[in-house]
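Each chain, letter by letter, is given below.
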Amino acid sequence: MPNDTLTITDNRTGKTYEVPIADDTIRAIDLRQIKVAADDFGLMTYDPGFLNTASCKSRITFIDGDKGILEYRGYPIAQLAEQSSFLEVCLLLRKGELPKAAELAQWTAEVTANAGVQASIEKLTDGFQSDAHPMGMFIASAAALATLYPESKKISDLEVRNNAFRQLVAKVPTIAALGYRHAKGLPFVQPDPELSYAGNFLNMMFATPGVKYKPNPALERAMDILFTLHADHEQNCSTSTMRVVGSAQTDPYTSLAAAAAALYGPLHGGANEAVLTMLAKIGTKDNIPEFITRVKAGEGKLMGFGHRVYKNYDPRAGIIKRAADEVFAVTGKNPALDIAIELERIALEDEYFVKRKLYPNVDFYSGIIYEAMGFPTAMFTVLFAIGRTIGWMSQWEELVLDADQKIARPRQIFLGPRRLDYVPMDQRA
Ligand code: CMC
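These notes cover the structure that comes with them. (Residues numbered from 1 in each chain as written. Predicted model: local features only at pLDDT ≥ 70, side-chain atom pairs only at ≥ 80, totals over all residues. Heavy atoms only, no water.)

### Some details on the site of the ligand
Around the ligand lies a shell of 19 residues, among which H268, K301, L302, G304 and R308 are the nearest. Here K301 contributes a side-chain N or O atom positioned 2.9 Å from an oxygen atom of the ligand. Within the backbone of F305, one N or O atom sits 2.9 Å away from a nitrogen atom of the ligand. Of the residues in the shell around the ligand, the class split is nine nonpolar, six polar and four charged. (Near = heavy atom within 4 Å. Polar contact = N/O pair within 3.5 Å; in protein donor to acceptor, adjacent residues only side chain to side chain. Nonpolar A, V, L, I, M, F, W, Y, C, P; charged D, E, K, R; others polar.)

### Brief notes about unusual backbone geometry
Here D23, not a glycine, exhibits a phi torsion of approximately 55°, which is positive. Inspection of the secondary structure assignment puts D23 in the loop between β2 (15-20) and β3 (61-64). Looking at D23, the relative accessible area reads 66%, which means it is exposed. (Helix = DSSP H or I, 4+ residues; strand = E, 2+ residues; numbered from the N terminus. Buried < 20%, exposed > 50% of the residue type's maximum accessible area, 1.4 Å probe, protein only.)

### A few points about the state of the cysteines
Within this structure, the stated rule accounts for zero disulfides. Here C90 is not cross-linked by a disulfide; its sulfur's nearest cysteine counterpart is in C56, at 20 Å. Using a relative accessible area of 1% as the deciding quantity, one classes C90 as buried. Free of any disulfide, C237 has its nearest neighbouring cysteine sulfur in C56, separated by 14 Å. (Disulfide = S-S within 2.5 Å.)

### Describing the pattern of salt bridges
In total, this model carries 20 salt bridges according to the counting rule given. Put simply, R166 and E110 hold a salt bridge, and the shortest N to O gap is 2.9 Å. Of this pair, R166 sits in helix α6 (residues 158-184) while E110 sits in helix α3 (residues 101-113), and the two are 56 residues apart along the sequence. Given the relative accessible area of 16%, R166 is considered buried. Put simply, K321 and E344 hold a salt bridge, and the shortest N to O gap is 3.5 Å. Linking K321 in helix α13 (residues 315-331) with E344 in helix α14 (residues 336-348), this pair joins segments that are 23 residues apart in sequence. If you follow the salt bridges from partner to partner, you end up with R27, K57 and D404 in one network. (Salt bridge = Lys/Arg side-chain N within 4 Å of Asp/Glu carboxyl O.)

### Observations concerning the pairing of strand β4 (residues 69-72)
Burial of the side chains of β4 is restricted to one face: L70 and Y72 are buried, whereas none of I69 and E71 on the reverse face is. Hairpin connection from β3 to β4: four residues lie between these consecutive antiparallel strands, with G68 at a positive phi of about 70°. (Pairing = 2+ DSSP bridges.)

### Details of the sheet that holds β3
Ordered in space as β3-β4-β5, the three strands form an open sheet in which the pairing is antiparallel. Two strands bound the open sheet, and with one partner strand each, they are β3 and β5 (75-76). Relative to β5, β4 runs antiparallel, the two sharing two bridges. Across the sheet, residue E71 finds its bridge partner in β5, namely P76.

### A word on the packing of aromatic side chains
Throughout the structure, instances matching the rule amount to 14 aromatic pairs. Between F201 and F375, the ring centres sit 5.9 Å apart and the planes meet at 10°, which makes this aromatic pair stacked. Of this pair, F201 sits in helix α7 (residues 197-206) while F375 sits in the loop between α16 (362-373) and α17 (380-400), placing them 174 residues apart in sequence. Note on accessibility: F201 and F375 belong to one class, buried. For the ring pair F364 and Y365, a centre distance of 5.0 Å and an interplane angle of 85° mean the geometry is edge-to-face. Here F364 matches Y365 in class, with each residue buried. Aromatic ring contacts, followed pair by pair, group F86, Y180, Y197, F201, F206, F227, Y370, F375 and F380 into a single cluster. When the ring centre of F165 is taken as reference, the NZ or CZ atom of R94 above it lies at 3.9 Å. (Phe/Tyr/Trp six-rings, centres within 6.5 Å; stacked < 30°, edge-to-face > 60°. Lys NZ or Arg CZ within 6 Å of the ring centre and 35° of its normal.)

### Side note on a nonpolar patch on the surface
The grouping of F41, M44, Y46, I413 and L415 at the surface amounts to a nonpolar patch, some 580 Å² of accessible area in total. Mapped onto the elements, M44 comes out in the loop between β2 and β3. (Patch = residues over 30% accessible without salt bridge, like charges linked within 9 Å, V, L, I, M, F, W, Y side chains within 5 Å. Areas by Shrake-Rupley, 256 points an atom, 1.4 Å probe, with all protein chains shown as cover.)

### Comments concerning the pairing of β3
One ladder, built from four bridges, connects β3 with β4; its direction is antiparallel. The residue bridging F62 from the neighbouring strand is E71, located in β4.

Next up, the structure:
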């Protein structure tokens, strides 16, 4: 008997089956042959939340959650955050290799040239109420882009895909800034082609129209690092959404709008916003012990703590904590930082958090930096979405080119009633 197989005995029938193991995985479909009777559907696996189900083979991002390791295409996240730039990381994530200088220069020129958005996207944003959540505007604008690039449906055409990468990476900062300026009642600031990706985003957010904006180099660098840290995180909720929607051969703009909708949730990309709300509610360090007691009693969560994959310190949280010092040297310290540091200290010494391996995740400190840089809380998830756009797109393209992939269509365990007879209205109890 070969070693790389699993032998299963079905005690209902006494029959034994041998299923192949490849990459430490068995194929769920191989269980279908395990039946009690010939007309039986066959055995399935039940896995709500996909705790132990691989939905794809990927070569993009590696995470070892127990050891706190995150690598993009094999390169450790700390090296990329320190030595690379976000636009370079975009090429790395998509293509699998660090680009040569000419390739990076061309990509940078393409992104810069396409940063402006069509008048219809500006009009769409204008139609929202001033108190509309920026994620609502972001999701709507991303979906609207699909109507402006109808050829994007041709997902097997490389040139069409190239354009989708270029347009989306170029335009997401612009639609994010449009939403912010609309909510503030401020006129839109056109992209400045002389600025870097991060510098231009800060320009579109915070410049006075007509006045040349010079981003502070420390803030520009911090913004770029934050985009890099958020660029990909393998099969998380929003990326899986991108793949599920993309598996129906939906165009990448609409698929990305769906992914952004998943990111909006407070358990996912909405957590950075929730962290700031939580820190504001705690108010002072003295209130931390009482807050922790309430969390342990099940009255809410310690937002920015815990992760489905990391059972150790999220490597991104440490990098952000260090970047925070450089930002605060410019902006002055955010008072929320002291509360966060004390909260982390107390939680990491507490049996409840230690036992469950709950550590700070990427969202615990990112919001504190964003706030110090002048971003309102409601923009935090949008900032996450700008960085994650390249990850969503790279994962989507991997799906499109993967011959193993089919339209996503999970099974269910049906527990409801069957074969009822219709009861007319006047006879219902
Ligand atoms: N505060 C208090 N208890 C927690 C927390 C938390 N933040 N996170 C998990 N737990 C407890 C949970 O109640 C459970 O306890 P018990 O075993 O007694 O029932 C145990 O830890 C295991 O948690 P889980 O809910 O089974 O873990 P999960 O993998 O399903 O959820 C999570 C992961 C990130 C949704 C969760 O940790 C959480 O809700 N954290 C707060 C929200 C947050 O910070 N989200 C950002 C995630 S990182 C950015 C991103 O990738 O989107």
